[in-house]
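# Coordinate inspection notes
Okay, here's what each chain looks like letter by letter:
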Amino acid sequence: MSERTETTLYDAIGGMDTLRRLSDTFYEAVLEDALLAPVFANFSRTHIEHVAVWLAEIFSGPARFTEELGGHQSLLRSHLGLAITEEQRTRWMELMTAAVEKELPDDELLRRRVVEYFDWGTKIARNVSAEPVGQDLGEPGPTPRWGWNGLQ
Ligand code: HEM
């Protein structure tokens, strides 16, 4: 194993500071986007922080989303009833890819793995969003981890 893959994606990204900047830059663009802004009608600043906390855990940083914010089940439930279209998912990916290019270290493999996570995760969000608010999702299992080789 190379030295590099012994580092978590979280550390390679630059930890919470970079994830907060990523989330902030992304939502600034989302709220100016005619296709996505209406989906985020109930947006608040805490959303930016919660997304950064989720991403920290996904990329093997501190597990605070599980410990403090309801974990995987709660993340999935946040998307119930949103009826996200494929067009909206694609726009979300475009804006997030631009935010990754602006905020993450200039490391091609790191950026590629992070964008691959978002591609995977947005498909799950879109699928869950087709279910009505209050839908019983069962026990989805622990928060996933995404590393140098993708889903762990
Ligand atoms: C990997 C992909 C995604 C991640 C990691 C993610 C993450 C999150 C998190 C952590 C929350 C809870 C925020 C909170 O507690 O305040 C949330 C809520 C939400 N997400 Fe996502 N999301 C993803 C994909 C999407 C997509 C594709 C859309 C729509 C195009 C979307 C729309 C929303 C909306 C509307 C909420 C509720 C916002 C509110 O608090 O009013 N998400 N998401």
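Report on the accompanying structure. Not measured: the values here are computed from a predicted model.

## Some details on the environment of Trp146
- Of note, Trp146 is situated in strand β1 (residues 146–147).
- Judged by its relative accessible area of 7%, Trp146 falls in the buried class.
- In contact with Trp146, not counting residues within four places along its chain, are Leu9, Ile58, Phe59, Arg113, Glu116, Tyr117, Trp120, Leu151 and Gln152.

## Topic: the site of the ligand
- Neighbouring the ligand are 20 residues; Phe40, His47, His50, His79 and Trp92 lie closest to it.
- A distance of 3.4 Å is found between an oxygen atom of the ligand and a backbone nitrogen or oxygen belonging to Asn42.
- By residue number, the principal contributor to the shell around the ligand is helix α7 (residues 108–129), which donates five residues.
- Taken together, the residues of the shell around the ligand break down into 13 nonpolar, seven polar and no charged.

## Considerations on the pattern of salt bridges
- Evaluation of the coordinates by the stated rule reveals 14 salt bridges.
- As a salt-bridge pair, Arg20 and Glu49 come within 2.8 Å of each other at their nearest N and O atoms. Here Arg20, found in helix α2 (residues 15–30), pairs with Glu49, found in helix α3 (residues 45–58); they are 29 residues apart in sequence, far enough to count as distant.
- One salt bridge in this structure joins Arg126 and Glu86, with 2.4 Å as the shortest N-O distance. Here the residue Arg126 occupies a position in helix α7, and Glu86 occupies one in helix α6 (residues 86–103), the gap between them amounting to 40 residues.
- We classify Glu86 as partly exposed; its relative accessible area is 37%.

## Things to note about the side chain of Arg113
- As for its placement among the helices and strands, Arg113 is situated in helix α7.
- In this structure the side chain of Arg113 is engaged in a polar contact, spanning 2.5 Å, whose partner is the backbone oxygen of Trp148.
- Among all residues touching Arg113, those that are not within four sequence positions of it are Leu9, Trp146, Gly147, Trp148, Asn149 and Gly150.

Conventions used here
- Every residue gets a number counted from 1 within its own chain, in the order that chain's sequence is written.
- A pLDDT threshold of at least 70 governs which residues receive local features in this predicted model, and a stricter bar of 80 or more applies before side-chain atom pairs are shown or counted, although totals over entire chains, interfaces and linings include all residues.
- Water and hydrogen atoms play no part in the side-chain values, which are based on all heavy atoms of the structure.
- Only DSSP runs of H or I reaching four residues or more are called helices, and only runs of E reaching two or more are called strands; each is numbered from the N terminus.
- For the exposure calls, accessible area comes from a 1.4 Å probe over protein chains only, and a residue counts as buried if that area is under 20% of its type's maximum, exposed if over 50%, partly exposed in between.
- Residue contacts are counted whenever heavy atoms from the two residues lie within 4.5 Å of one another.
- Definition of nearness: a residue and a molecule or strand are near each other if at least one heavy atom of the residue lies within 4 Å of the molecule or strand.
- Any pair of nitrogen or oxygen atoms within 3.5 Å is treated as a polar contact; in protein, a donor-acceptor pairing is required on top of that, and neighbouring residues in sequence qualify only through side-chain atoms on both sides.
- Note on residue categories: nonpolar means Ala, Val, Leu, Ile, Met, Phe, Trp, Tyr, Cys or Pro, charged means Asp, Glu, Lys or Arg, and polar means any other residue, Gly included.
- Basic side-chain nitrogens of Lys or Arg form a salt bridge, by our definition, when they fall within 4 Å of a carboxyl oxygen of Asp or Glu.

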